[in-house]
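# Observations on the three-dimensional arrangement
The residues making up each chain are set out below.
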Amino acid sequence: MSYVGLNYIGGQWVPARAGRTLEDRNPADFTDLLGEVARSDADDVAAAVAAAKGAYADWKATPMPRRGDHLLRIGLALEREKDALARLMTREMGKTLKEARGDVQEGIDFAFFMAGQSRAPVGDTVPSELPRKVSLTLRHPIGIVGLITPWNFPIAIPTWKLWPALLAGNCVILKAAEETPLCAQRLVELVEEAGVPSGVVNLVQGTGEEAGAALVAHPDVRAISFTGSLETGKVIAVECGRQMKRYSMELGAKNVTIVMPDADLDLAVEGIAWGAFATSGQRCTATSRIVSLHPRLTDALIEKVHTYKVGPGSDETVDLAPLISRTQRDRVLEYVRVGVEDDGARLLTGGHVLDTGELANGNYIAPAVFSDATPGMRIAQEEIFGPVTAVIPATDLDEAIAAANATQFGLSASIYTNDMTAAMRAVTELEFGIVYVNAPTIGAEVQLPFGGMKSTGNGFREAGPHALDEFSEWKAVSIDFSHRLQKAQFQPGE
């Protein structure tokens, strides 16, 4: 065993109070035990909340530019540790090294972006209807914030939440995914090294059912930011609604690419394959549906998929790495069965276990492509979160847009076309929070808002300057220097 993972509470690294632990294993080789990590419960959460409450007054009073300076130092530390973090991520989560480096780079980019926001204008000066009165708006922190993050982007997604939450003046408790606890621990170690005061950032390791649920239920936690499944998001929303606390959600997705007859076929195939199979499809923005009007798209996509090499992410020549766990692998295999036996789609390639040679002890699946799918099939409606995509034929743009919109989700969509009219219709008519033209459904940049419509979320956006809305309240301020009582909405003399 190479490490024992701990909680970080009030500036101290401590085990779970009950002494329980969870195993942390390499998804490319489940015989590789990275170590054990604290399995926390409500008592650990309560201690973290108490530490955050103790630090809140001083952190809130810290000027925003000084809070931004901390983010700048953290970004520089992440930059210094980028390769080591990427190798750790590949061993713990499984994704390829090039993807892991990109994951860390997002955390770096967003740290620098939010550090810059610390000296950017905040709020507005608004004309008053009364003389000698100035009105303006300010941001105010929410207070103690709980962050619950998934395993597929174990550095990027926590940083999407941490940096704006800290810049806004909140103190936080991070409950990272139990599948990637060491990445979370190393991230918080860098936060500590950057001089963030004790209690401002706290880490509680453990399961969602225990530590996560306790964090959501704690009455002193005034906001929850959650990225995960729709089903879990609904449970969290009920509890937050009961307590009237802020909650922001990034939930399920069923992303789509439309390929028009005039599309650059080579570009479309390259983008679709990258969008569908990067991170073995374990992305909220993965291209899990293709609505095609191009007669040669399917054959070209199969040809591209057959060039992919599947193996451990530590091999720089690998294109597709393992799934995170045996449970996730079996879930994806069940969806492949559903596609063939229940939906009646045609499986053109892949969808089977790969377990020979160096793949014997990992969670590997050959990338799967279905054809002859229809919008109502389960494989075209439900989030699979694995290396599976389905081609839905369409006869015109109206039918393509209708098929694309025919799900409860609305995160990311793209269209490949050289027709400006088709592109602009897609941009305006697709019910998705992110739309790309001649680019894949993955590849978000930190200066843009990230989030979806419909059941994908509840209206908040991560990344970009909009991320501060998730972690702050707007305060309207009026300063009257007339030295007399002035009544808004009243006529003079009334």
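Report follows, based on the coordinates. (Residues numbered from 1 in each chain as written. Predicted model: local features only at pLDDT ≥ 70, side-chain atom pairs only at ≥ 80, totals over all residues. Heavy atoms only, no water.)

## Thoughts on the sheet that holds strand 4 (residues 21-26)
What holds strands together in a sheet is hydrogen bonding between their backbones, with the strands either parallel or antiparallel. This is how it is decided: Strand pairing is defined by DSSP finding a minimum of two bridges between the two strands. Under the DSSP-based scheme used, a helix requires at least four consecutive residues in state H or I and a strand at least two consecutive residues in state E, with every element numbered from the N terminus. Between the N-to-C directions of two axes lies an angle of 0 to 180 degrees, each axis being a line fitted to C-alpha atoms and, for a helix, fitted only over the stretch in contact.
Ordered in space as 1-5-4, the three strands form an open sheet in which the pairing is mixed. A strand with exactly one partner marks an edge of an open sheet, and here the two such strands are strand 1 (3-5) and strand 4. Strand-to-strand twist in this sheet, taken as the mean axis angle between neighbours without regard to direction, amounts to 40°. Pairing geometry for strand 1 and strand 5 (residues 29-38), over three bridges, is parallel. Bridge pairing links Gly 5 to Val 37 in strand 5.

## Let's talk about the packing of aromatic side chains
For the record, the criterion: Aromatic rings from Phe, Tyr and Trp, taking only the six-membered ring of Trp, are treated as a pair when their centres fall within 6.5 Å; an angle between ring planes under 30 degrees marks them as stacked, one over 60 as edge-to-face, and anything in between as tilted. Using a 1.4 Å probe on the protein chains alone, a residue whose accessible area is under 20% of its type maximum counts as buried, one over 50% counts as exposed, and one in between counts as partly exposed.
In this structure the tally under the stated criterion is five aromatic pairs. Residues Phe 110 and Phe 113 carry aromatic rings whose centres are separated by 6.2 Å and whose planes lie at 15° to one another, so their mutual orientation is stacked. Highlighted residues: Phe 110 and Phe 113, both in helix 4 (residues 97-117), separated by three residues, approximately one helical turn. Here the aromatic rings of Phe 277 and Tyr 308 are separated by 6.3 Å at their centres, their planes lie at 80°, and the arrangement is edge-to-face. Placement of Phe 277 in helix 9 (residues 265-277) and of Tyr 308 in the loop between helix 10 (297-305) and helix 11 (326-342) is noted, with a sequence separation of 31 residues between them. Judged on exposure class, the residue Phe 277 and its partner Tyr 308 are both buried.

## Examining the side chain of Thr 257
Heads up, the condition is: The contact definition used throughout considers only heavy atoms, calling two residues in contact when any of these lie within 4.5 Å.
If you trace the backbone, Thr 257 turns up in strand 13 (residues 256-259). In contact with Thr 257, other than residues within four places in its own chain, are Ile 272, Thr 287, Arg 289, Ile 290, Val 291, Ser 414, Tyr 416 and Thr 441.

## Considering the pairing of strand 19 (residues 388-393)
Among the six residues that make up strand 19, five are buried, leaving the element largely enclosed by the rest of the structure. Of the pairings in the sheet, the one linking strand 14 (residues 289-292) to strand 19 comprises four bridges and is parallel in character. In the strand pairing of strand 19, Ser 292 is matched with Pro 393. Pairing between strand 18 (residues 368-371) and strand 19: three bridges, direction parallel. Bridging across to strand 19, Ala 368 finds its partner in Val 388.

## Brief notes about helix 1 (residues 42-61)
The following threshold applies: The span one expects for a helix is its residue count, reduced by one, times 1.5 Å. Throughout, bend refers to the angle between the axes fitted to the seven residues that end at a position and the seven residues that start at it.
Taking 1.5 Å per residue, 20 residues should reach 28 Å; helix 1 reaches 29 Å between its end C-alpha atoms and fits that length. At Ala 55, helix 1 shows its strongest bend, of approximately 45°. The complete set of buried residues in helix 1 reads Asp 44, Val 45, Ala 47, Ala 48, Val 49, Ala 51, Ala 52, Ala 55, Tyr 56 and Trp 59.

## Thoughts on the state of the cysteines
Note the cut-off: Two cysteine sulfurs form what is called a disulfide whenever their separation falls within 2.5 Å.
Scanning the entire structure with this criterion turns up zero disulfides. Left unpaired, Cys 183 is separated from the closest cysteine sulfur, that of Cys 284, by 17 Å. The exposure class of Cys 183 is buried, given its relative accessible area of 0%. Counting only cysteine sulfurs, Cys 171 is the nearest neighbor of Cys 240, a cysteine outside any disulfide, at a range of 19 Å.

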